[in-house]
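Report on the structure
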Amino acid sequence: DAAQSLLKTAIGLVPARWLPGGSPDPLMQKHGLIGAPVSRLDGALKVRGKARFAAEVPMQGLTYAALLHSTVARGRIVALDISAAEAAPGVVFVMTYRNAPRMASPALMNTKPKAAGTSNLPVMQDAEIHWNGEPVAVLLADTQEQADHAVTLIRVTYETAPAITDFDAAKGSTRVPANILGEPPSIERGNAEATLVQAAFQVDCTYATPAHNHNAIELHAATLAWEGDKLILHDATQMVNNVAWTLSQIFGIKEEQVHVRSPYVGGGFGGKSLWNHQILAAAASRVSGRPVRIMLPREGVFRSVGGRTMTEQRVALGARSDGKLTALIHTGTAAMTPHNECPEQFSFPARHLYAAENIMIAQRVADMNIVANTFMRAPGESIGTFALECAMDELAEAMQIDPIELRRRNEPAKDPTSGNEFSSRHLTEAYGRGAEQFGWEKRSATPGARRDGEWLIGMGMATATYPYYRMPGGAARIRLTADGRATVSTAAHEMGMGTATVQTQHIAERLGLAMDQVVFEHGDTALPPGSMAGGSSQTASIAAAIIAAHDAFKAALLKLVGNDSPLAGLKPDAVEARDGGLCSSEEPDKHETYVSILRRAGREELVAEASAPPPLEAQEFSMHSYGAQFCEVRVSEITGEVRVSRFLGSFDCGRILNAKTAASQFRGGIIMGLGLALMEETHRDPRTGRIMNPSLAEYHVPVHMDVPKIDVIWTDIPDPHSPLGAHGIGEIGITGVGAAVANAVYNATGKRIRKLPISLDKLL
Ligand code: MOS
């Protein structure tokens, strides 16, 4: 159709430039395996139970661990009685601060390149308590049931100290964080406050978002053993290299002495990093001399693994009568702890989305005595877009203009805060295609205008955005064997999002092999150092390393060709891969297969390894994924119940590398966003700081009945400045969803709900 052919034209117009040396990468625009809707290679293994997860690895003489969690938020242990637990059947070892080995405190993620720590508190080194749920004992037994029973027999007496466990109380005393993921906590362009009060149209609203907990299907788990001074750890983690390095620091050994494996992870959304349980299991194993399996029960994940933190945000917008923003203010406070550095970057979207003449961004944090919060799918952006994109809707309403039109009028030519060029931004196309396919023109601008019996029907939209990141330091190794097959290795992660499948497609295409001639090895610190699966960065990070390794591979291979080869005398940049070998780019008939090259050179294999170049593109350009989220809701006038009846996400995320796994990522993000909008909320007892709903029975996430048909479409325009032209797609899907739902609820009912979740009580 017309849109498709327009897009094809657009793709043709974009020059493909990304390569370490600056020459075009021919694969960036190749429509063969790149982009194909290949099913996940790990899918069948998982369905058949053949993919082995961390808690399933067999070991001789295994013991099973259980943790005891503190019941106070702050104070100290004054008495401990472990005698009944030690005497219980099957108990092997009980560890408390009294007999735990001396360990260094974990290094905090983002403070050191390879750190994986989520808190820098000492782990079970003294009697001090820092949050309600902190592990105070770890017990090993012959079976999980024995451990779970015996741990309940431990008696702990606490002396409590005053604790801040209520966000409303904590907000009274805030501070400015040192930085926010390396960005300044505040930015000022012009004078937004002064411009706001003079603006023809103004909105100035406060939004609140609650705490969320991580609930991956696979519980946090590790199976581990010491072999002398070497720790073997089968973990469920998004960062094998970082876990290995951080544990080596904690135990005072070399990084090479920690071997971490994590080939399959049953979901990770920022929460699968390094928490107390791996450290305590390793310590208990070292002291007891026994291998340990630790699998946190769901309640244990709530108590000892942090998630998204509470925020209160102010968004104020001022506009001229032509709709141009003169003032954009996004400020607020996120809950945090004194022992971590994760200030929930809710102000990031406002830094890059709109061409406001005056901008003020300022983030503060409020310290609380709670489990360290951490990254959770689009940390900051998912809840920051809730505030910003609801405020845009409120402004559009005040001005009586269409919400998409308001956004179009404020589309910036350059990044509004950094002044950098955008590497690739086709957000207005995403708005247009999304609006057309969703039927946006059927929306009534008047709230409450559509109904079906007791059900009020409304439509809302919001912008989605998430930064492009590429992690430094990743490497990849290509090993070609005499049978013409290739194995590509890097310590990356497959958490179910399709990483291994997409990189297998990429390698097959790059080497000119069939997919079944290629193996992608990952999830093991024995492989070349990889990139963490975080920040939606993994695909670009791996791709950059593979491209670098492939350059080295081509150079090494051409050194092997003899004078008799059709490839004789050709330089690496004058050849390309096809049909299981290399050919001259100029004269494709000059071709020799890998099998032939290795055979004539008398080689069994050829191995090439290289590191990715540093991610300089992200310094030169403003790089982001974008989208437009469209939602239709039905709200019961009688019960206040909200039902999402239709949803469409229209994305602009560079080149899409696998249409099937990408659609699943987008949909998964949107579904998580529906939970954020309508139901997810961690409840703490303000008196004790204890989480009161630590189970999936009480902490609600969307189930099938909550999820309508979700359409996802994308521009598929490659970014000329990123490897393979791709942007991240793991987190963009959740962003904007909270606002799209809230704006649809307003359109249906005339009620603005500025505090998530939009539960039915707020609509009555
Ligand atoms: Mo993501 S929150 O970087 O796993």
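Here is what the cut-offs are and how they apply
- Residues numbered from 1 in each chain as written.
- Predicted model: local features only at pLDDT ≥ 70, side-chain atom pairs only at ≥ 80, totals over all residues.
- Helix = DSSP H or I, 4+ residues; strand = E, 2+ residues; numbered from the N terminus.
- Rg over C-alpha atoms; globule rule 2.2 N^0.38 Å.
- Buried ≥ 20, exposed ≤ 12 C-beta atoms within 10 Å, placed from the backbone.
- Contact = placed C-beta atoms within 7 Å.
- Domains from an automatic or database assignment.
- Nonpolar A, V, L, I, M, F, W, Y, C, P; charged D, E, K, R; others polar.
- Pairing = 2+ DSSP bridges.
- Core = buried A, V, L, I, M, F, W, Y, C linked by C-beta atoms within 7 Å.
- Axes fitted to C-alpha atoms, helices over the stretch in contact; angles between N-to-C directions.
- Parallel < 35°, antiparallel > 145°, perpendicular 65-115°, else oblique.
- Left-handed = near helix turned anticlockwise from the far one by under 90°.
- pLDDT = per-residue confidence, 0-100.
- UniProt positions renumbered as here; feature names shortened; annotations may be inferred.
- Expected span 1.5 Å × (residues − 1).

Going by the annotation in an unreviewed UniProt entry, the name recorded for the protein is Xanthine dehydrogenase family protein molybdopterin-binding subunit, with Plastoroseomonas arctica given as the source organism.

Re the overall build of the protein
Looking only at helices and strands, the protein has 19 helices and 28 strands in total. Scaling as 2.2 N^0.38, a compact globule of 764 residues should have a C-alpha radius of gyration of about 27 Å, and the protein matches this with 27 Å. Principal axes of the C-alpha set define a box for the protein whose edges measure 80 × 75 × 50 Å. Across the 764 residues of the protein, 57% fall into the buried class. When contacts within the protein are restricted to residue pairs at least 6 apart in sequence, those whose partners lie at least 24 apart make up 81%.

So, the domain arrangement of the protein
When the domains of the protein are assigned, the result is domain 1 (1-20 + 421-469 + 617-764) and domain 2 (472-614). Here domain 1 and domain 2 have C-alpha centroids that lie 36 Å from each other. With 17 residues of domain 1 in contact, the opposing surface of domain 2 contributes 17 residues. Taken together, the residues that form the side of domain 1 that touches domain 2 break down as ten nonpolar, six polar and one charged.

Let's talk about the sheet that holds strand β2 (residues 75-81)
Across the sheet, which stays open at both edges, the three strands sit in the order β4-β2-β6 with antiparallel pairing between neighbours. Two strands lie at the open edges of the sheet, namely β4 (128-129) and β6 (155-160), each paired on one side alone. As judged from the two bridges shared by β2 and β4, these two strands associate in the antiparallel manner. The residue of β4 that forms the bridge with glycine 75 is isoleucine 129.

Digging into the nonpolar core
In globular proteins that are soluble, nonpolar side chains generally tend to be buried together. Within the largest apolar cluster, 236 residues are counted, with the highest numbers of intra-cluster contacts made by Ala65, Leu139, Leu317, Ala327, Leu328, Val741 and Val745. It is helix α15 (residues 538-560) that contributes the most residues to this core, eleven residues altogether. When residues are assigned to domains, this core turns out to be shared by domain 1 (1-20 + 421-469 + 617-764) and domain 2 (472-614), each giving three or more. The residues touching leucine 328, leaving out its near neighbours within four places in the chain, are Ala192, Leu317, Ala350, Tyr354, Ala356 and Ile359.

A short note on the sheet that holds strand β27 (residues 642-652)
On the basis of which strands lie adjacent, the open sheet formed by five strands has the order β17-β18-β26-β27-β28 and mixed pairing. Two strands bound the open sheet, and with one partner strand each, they are β17 (450-452) and β28 (710-714). Sheet twist, expressed as the average angle between the axes of neighbouring strands with direction ignored, equals 25 degrees. Across the sheet, helix α13 (residues 427-438) is in contact with β26 (624-636), β27 and β28; its angle to β27 comes to roughly 140 degrees. Set on the sheet, helix α18 (residues 659-678) makes contact with β27 and β28; between it and β27 the angle comes to about 140 degrees.

With respect to unusual backbone geometry
Here the amide bond leading from leucine 756 into proline 757 is cis, since omega sits at -5 degrees, within 30 degrees of zero. The residue proline 757 is located in the segment after α19 (737-749) in this model. Phi at methionine 124 is positive, roughly 55 degrees, even though this residue is not glycine. At glutamate 344, a position not held by glycine, the phi torsion is positive, near 55 degrees. Its location among the elements puts glutamate 344 in the loop between β15 (325-336) and α10 (348-352). Overall, glutamate 344 belongs to the buried group, with 31 C-beta atoms counted inside 10 Å.

What to know about the packing of α18 against α19
Viewed as axis vectors pointing N to C, α18 and α19 meet at an angle of 55 degrees, and their least axial separation amounts to 8 Å. Here α18 lies oblique to α19, going by the angle between them. In the packing of α18 onto α19, the handedness of the crossing is right-handed. Taking contact as the criterion, the partners of Ile670, Gly673, Leu674, Leu676, Ala677 and Leu678 in α18 are, on α19, Val737, Gly738, Val741 and Ala742. Along the lines of polarity and charge, the residues of the contact of α18 with α19 split into eight nonpolar, two polar and no charged.

Considerations on the confidence of the model for the protein
Per-residue pLDDT for the protein has a mean of 96; in total, 97% of the residues score no lower than 70. Per-element confidence in the protein ranges from a low mean pLDDT of 45 for helix α1 (residues 2-13) to a high of 99 for α19. Throughout residues 1-14 the model reports pLDDT below 50, and contacts reaching past four residues in sequence, or to other chains, amount to eleven contacts. Across the assembled chains, the prediction reports ipTM 0.98 with pTM 0.96.

Here's the deal with the pairing of β28
Sheet analysis places β27 next to β28, joined by five bridges and oriented parallel. When the bridges of β28 are listed, phenylalanine 651 appears paired with tryptophan 714.

Some details on the UniProt feature "domain: Aldehyde oxidase/xanthine dehydrogenase a/b hammerhead" (unreviewed entry) in the protein
Those places that UniProt annotates as "domain: Aldehyde oxidase/xanthine dehydrogenase a/b hammerhead" (unreviewed entry) correspond, in this numbering, to residues 48-162. In residues 48-162, the share of helix is 10% and the share of strand is 30%. The end C-alpha atoms are 51 Å apart.

Quick look at helix α8 (residues 276-288)
For α8, which comprises 13 residues, the first-to-last C-alpha distance of 18 Å matches the rise-based estimate of 18 Å (1.5 Å per residue) to within 8%. Where burial is concerned, most of α8 is hidden: ten out of the 13 residues are buried. Listed in full, the buried residues belonging to α8 are Asn276, His277, Gln278, Ile279, Leu280, Ala281, Ala282, Ala283, Ala284 and Ser285. Just beyond α8, the residue with positive phi is glycine 289, at close to 75 degrees.

Examining the pairing of strand β22 (residues 575-578)
Burial along β22 is one-sided: the face carrying Val575 and Ala577 is buried and the face carrying Glu576 and Arg578 is not. As defined by bridge partners, β22 adjoins strand β23 (residues 581-584) across four bridges and the pair is classed as antiparallel. Bridging across to β23, glutamate 576 finds its partner in cysteine 583. Counting the residues in the hairpin turn of β22 and β23 gives two residues, including aspartate 579, whose phi is positive at 50 degrees.

Section: α13
In an α-helix there are 3.6 residues to a turn, and that puts residues three or four apart on one side. End to end, α13 covers 16 Å across twelve residues, agreeing with the expected 16 Å (1.5 Å per residue, within 8%). Residues of α13 that are buried: Leu427, Glu429, Ala430, Tyr431, Arg433, Gly434 and Phe438. At the C-terminal side of α13, glycine 439 shows a positive phi close to 80 degrees.

Quick look at the environment of isoleucine 638
Within the secondary structure layout, isoleucine 638 lies in the loop between β26 and β27. Classification of isoleucine 638 as exposed rests on a count of 9 C-beta atoms within 10 Å.

A look at the packing of helix α14 (residues 499-511) against α15
Close contact between α14 and α15 brings their axes to 11 Å; oriented N to C, the two are set at 30 degrees. Taken together, the axis directions place α14 and α15 in an arrangement best described as roughly parallel. Like other packed secondary-structure pairs, α14 and α15 cross with a definite hand, here right-handed. Between α14 and α15, the residues in contact are Thr499, Val502, Gln503, His506, Ile507 and Arg510 and Gln538, Thr539, Ile542, Ala543, Ile546 and His550, respectively. Grouping the amino acids of the contact of α14 with α15 by side-chain chemistry returns five nonpolar, six polar and one charged.

Section: the environment of aspartate 204
Within the secondary structure, aspartate 204 sits in strand β9 (residues 201-209). Spatially, the C-alpha atoms of aspartate 204 and leucine 317 are 6.4 Å apart, while their sequence positions differ by 113 residues.

A look at the environment of glutamate 341
Its place among the elements puts glutamate 341 in the loop between β15 and α10. Residue classification places glutamate 341 among the buried positions, given that 21 C-beta atoms sit within 10 Å. Residues contacting glutamate 341, with those up to four places away along its chain left out, are Leu108, Asn110 and Thr111.

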